[in-house]
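Residue-level listing of the chains:
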Amino acid sequence: MAAPLNVSVVAADQEIWSGEASMVIAKTVEGEIGILAGHEPLLAILAAGEVRVNTTSGERLVARADDGFLSVENDTVTIVARDAELIK
C-alpha cells in the first residue's frame, strides 16, 4: 500500500482539517483534479467549490473552499482558502 497523503485544509483564520488521506479531489480553475500518493509537485488556483478528502480510515470529508490555492509536494497536500468550512 502506498504511503498516505498528509493533508491540511486551512482558511484565512483557522485550520479546518488535517490528517492522513488516501485521496483528495479539488476543483481548480482548470478543472477537477484528483491527488493520490506519489503525485507530481503541483501548485493550482482553486475555483469556488468542494474539496473532497478520503481519509485513510475510510471516512469521506467534504469542505467548501473559496479563493485560494492547492499545493502538492512530497505527499503533502495543502489547501489554503480565504474562506473554507467543513460541510460533511
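Our subject is the structure that appears above.
Residues numbered from 1 in each chain as written. Predicted model: local features only at pLDDT ≥ 70, side-chain atom pairs only at ≥ 80, totals over all residues. Heavy atoms only, no water.

### A few points about the pairing of strand S1 (residues 5–11)
Here's step 1: The side-chain alternation of S1 yields one buried face, formed by Leu 5, Val 7, Val 9 and Ala 11, and one unburied face, formed by Asn 6, Ser 8 and Val 10.
Here's step 2: Pairing between S1 and strand S2 (residues 15–28): 6 bridges, direction antiparallel. Within S2, the position partnered with Val 7 by the bridge is Gly 19.
Here's step 3: Turn length for the S1-S2 hairpin, with the two strands adjacent in sequence and antiparallel, is 3 residues. (Buried < 20%, exposed > 50% of the residue type's maximum accessible area, 1.4 Å probe, protein only. Helix = DSSP H or I, 4+ residues; strand = E, 2+ residues; numbered from the N terminus. Pairing = 2+ DSSP bridges.)

### Concerning the pattern of salt bridges
Here's step 1: Overall, the coordinates contain 5 salt bridges when judged by the stated rule.
Here's step 2: Arg 64 serves as the salt-bridge partner of Asp 66, at 2.6 Å between the closest nitrogen and oxygen.
Here's step 3: Of the charged contacts, one joins Arg 64 and Glu 85 as a salt bridge, the two residues approaching to 3.0 Å between their closest N and O atoms. Of this pair, Arg 64 sits in strand S5 (residues 60–73) while Glu 85 sits in strand S6 (residues 76–86), and the two are 21 residues apart along the sequence.
Here's step 4: It is possible to trace a salt-bridge network through shared partners that takes in Arg 64, Asp 66, Asp 83 and Glu 85. (Salt bridge = Lys/Arg side-chain N within 4 Å of Asp/Glu carboxyl O.)

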